[in-house]
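Descriptive analysis of the structure
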Amino acid sequence: MYSEKETLSKRTYISVDHAVEHAGFGCAQIKYMLVACVVFFTEVQFIHLGSLTLPSITCEWNLEKWQILILLIGASVTRTIGSFVGGSLSDKYGRKNNVILGLFSMIFFGLLAVIQSDFYMFVTFRACSFFFLHCITPSALCIVLEISPRRMRFLAKMILAVAGQLGATCSSLTAMYFLNSMGWRDLTFYLTLPCFIPLLIFCFLSDSPRYLFLSGDSDAGRRAMKQIYQMNGKEDISHLIRNIKDHDRGNVR
């Protein structure tokens with residue numbers, strides 16, 4: 001890796017890796033990380049809440065053991081499939097677009113599940129909500145890691161993991177104090193509404209510059225890096241970034 005001074009003075013181009021290292025860790029990374037923390041917080045919160053509200057759901061519909069099994073398997077299978085599909089969609093359509101689509105769909109199907117009076121419709125919409133919820137997390141993780149310097153990537157992953165554990169703690173405390181008084185429907189409804197916050201914020205953020213360059217949209221990639229430089233107060237060297245060729249895909253330094 002060339003030093004920054006040597007790169008700017010002797011080279012006619014730089015890689016996206018060097019551009020990200022030049023940006024450092026600042027306001028841009030913190031902003032993306034805060035939104036990603038909300039995503040991870042929401043993911044673990046709803047998984048944990050599903051277990052905490054299971055006795056209430058069982059009593060409301062007087063479920064048999066095999067119906068409870070359907071409810072649990074449906075959520076588990078869709079979470080697994082959602083993670084795989086989410087990673088694939090993230091590589092094809094972009095990290096930002098996948099997060100926005102996933103958040104909107106998760107909120108939409110989650111609210112539909114809450115108002116259902118039929119058990120099987122509830123299971124269907126709940127499974128769809130968990131599917132899209134797990135489509136989001138690979139993209140949120142990717143976009144944070146791809147705009148962070150190498151020395152900060154492990155810390156970023158740890159912060160996101162802590163955010164997830166806080167989601168589990170929050171759901172436990174919320175259920176302990178409000179589940180009996182509010183009921184599982186109202187509790188799930190009010191915990192779903194804050195998910196609109198990261199949805200709206202992501203609409204105004206740029207996609208990952210690495211993804212934009214890999215997808216061939218160099219102009220959008222340079223604009224994204226320029227935005228990061230401006231937020232971090234760094235010199236704009238986005239015009240020196242070369243496009244990444246297809247044979248460079250997957251070579252993460």
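If you're wondering where the values come from, they're calculated on a predicted model, not measured in any experiment.

**Points about the overall build of the protein chain**
Tallying secondary structure elements over the protein chain gives 11 helices and zero strands in all. Counting from the amino terminus, the protein chain carries its helices and strands in the arrangement α-α-α-α-α-α-α-α-α-α-α. The dimensions of the protein chain, computed from C-alpha atoms along their principal axes, are 75 × 35 × 25 Å. By the burial criterion, 49% of the 253 residues in the protein chain qualify as buried. Residue pairs in contact within the protein chain that sit at least 24 positions apart in sequence constitute 78% of those at least 6 positions apart. Accessible surface for the protein chain amounts to roughly 12,900 Å². Of this, 64% is attributable to carbon and sulfur atoms. The average position of the 24 basic charges and that of the 18 acidic charges among the side chains of the protein chain differ by 6 Å.

**Details of the packing of aromatic side chains**
By the definition in use, this model includes 11 aromatic pairs. Arranged with centres 5.3 Å apart and planes meeting at 35°, the rings of W61 and F122 form a pair that is tilted. Here W61, found in helix α4 (residues 54–61), pairs with F122, found in helix α7 (residues 119–146); they are 61 residues apart in sequence, far enough to count as distant. Each member of the pair, W61 as well as F122, is classed as buried. Relative to F132, the ring of F131 lies with its centre 5.1 Å away and its plane at 85°, an arrangement referred to as edge-to-face. An aromatic cluster is built from F104, F108, F109, F125, F131 and F132, whose rings are joined through pairwise contacts.

**Examining the nonpolar core**
Membership of the largest hydrophobic core comes to 60 residues, with the highest contact counts inside it found for F122 and M225. The element that contributes the greatest number of residues to this core is α7, accounting for 12 residues. Beyond its immediate stretch of four places on either side in the chain, M225 contacts A19, V20, A23, P209, S238 and I241.

**Comments concerning the side chain of T137**
By the secondary structure assignment, T137 is in helix α7. Those residues in contact with T137 that sit more than four places away from it in its chain are V39, F40 and E43.

**Re a nonpolar patch on the surface**
On the surface, F189, Y190, L193, F196 and L200 cluster together into a nonpolar patch covering about 460 Å² of accessible area. Residue assignment for the nonpolar patch shows that the elements contributing at least two residues are α8 (150–192) and α9 (196–203). The residue Y190 is located in helix α8 in this model.

**Observations regarding the pattern of salt bridges**
Going through the model one piece at a time under the given rule, you end up with five salt bridges. A salt bridge links E60 to R185, with the nearest nitrogen and oxygen atoms 2.6 Å apart. Here E60, found in helix α4, pairs with R185, found in helix α8; they are 125 residues apart in sequence, far enough to count as distant. By relative accessible area, E60 is classed as partly exposed at 40%. The salt bridge partner of R95 is D91, with a shortest N-O separation of 3.0 Å. Salt bridges sharing common partners tie together D91, R95 and E146.

**Concerning the confidence of the model for the protein chain**
With 91% of its residues at a pLDDT of 70 or more, the protein chain shows a mean pLDDT of 86. When the criterion is pLDDT under 50, residues 246–253 qualifies, and its contacts beyond four places in sequence or with other chains add up to eight contacts.

**Describing the state of the cysteines**
Taken as a whole and judged by the stated rule, the model has zero disulfides. Here C128 is not cross-linked by a disulfide; its sulfur's nearest cysteine counterpart is in C135, at 11 Å. Relative accessible area serves as the criterion here: at 25%, C128 is assigned to the partly exposed category. C195 provides the cysteine sulfur closest to C170, a residue in no disulfide bond, and the two sulfurs are 11 Å apart.

**Description of the packing of helix α5 (residues 65–93) against α7**
Their axes nearest at 7 Å, the elements α5 and α7 cross at an angle of 30°. Judged by the inter-axis angle, α5 sits roughly parallel to α7. By crossing handedness, the relation of α5 to α7 is classed as right-handed. When its residues are assigned to classes, the contact of α5 with α7 shows 15 nonpolar, 10 polar and two charged.

Cut-offs and rules
- Residues numbered from 1 in each chain as written.
- Predicted model: local features only at pLDDT ≥ 70, side-chain atom pairs only at ≥ 80, totals over all residues.
- Heavy atoms only, no water.
- Helix = DSSP H or I, 4+ residues; strand = E, 2+ residues; numbered from the N terminus.
- Buried < 20%, exposed > 50% of the residue type's maximum accessible area, 1.4 Å probe, protein only.
- Contact = heavy atoms within 4.5 Å.
- Areas by Shrake-Rupley, 256 points an atom, 1.4 Å probe, with all protein chains shown as cover.
- Lys, Arg positive; Asp, Glu negative; His and termini not counted.
- Charge placed at Lys NZ, Arg CZ, Asp CG, Glu CD.
- Phe/Tyr/Trp six-rings, centres within 6.5 Å; stacked < 30°, edge-to-face > 60°.
- Core = buried A, V, L, I, M, F, W, Y, C linked by side-chain atoms within 4.5 Å.
- Patch = residues over 30% accessible without salt bridge, like charges linked within 9 Å, V, L, I, M, F, W, Y side chains within 5 Å.
- Salt bridge = Lys/Arg side-chain N within 4 Å of Asp/Glu carboxyl O.
- pLDDT = per-residue confidence, 0-100.
- Disulfide = S-S within 2.5 Å.
- Axes fitted to C-alpha atoms, helices over the stretch in contact; angles between N-to-C directions.
- Parallel < 35°, antiparallel > 145°, perpendicular 65-115°, else oblique.
- Left-handed = near helix turned anticlockwise from the far one by under 90°.
- Nonpolar A, V, L, I, M, F, W, Y, C, P; charged D, E, K, R; others polar.

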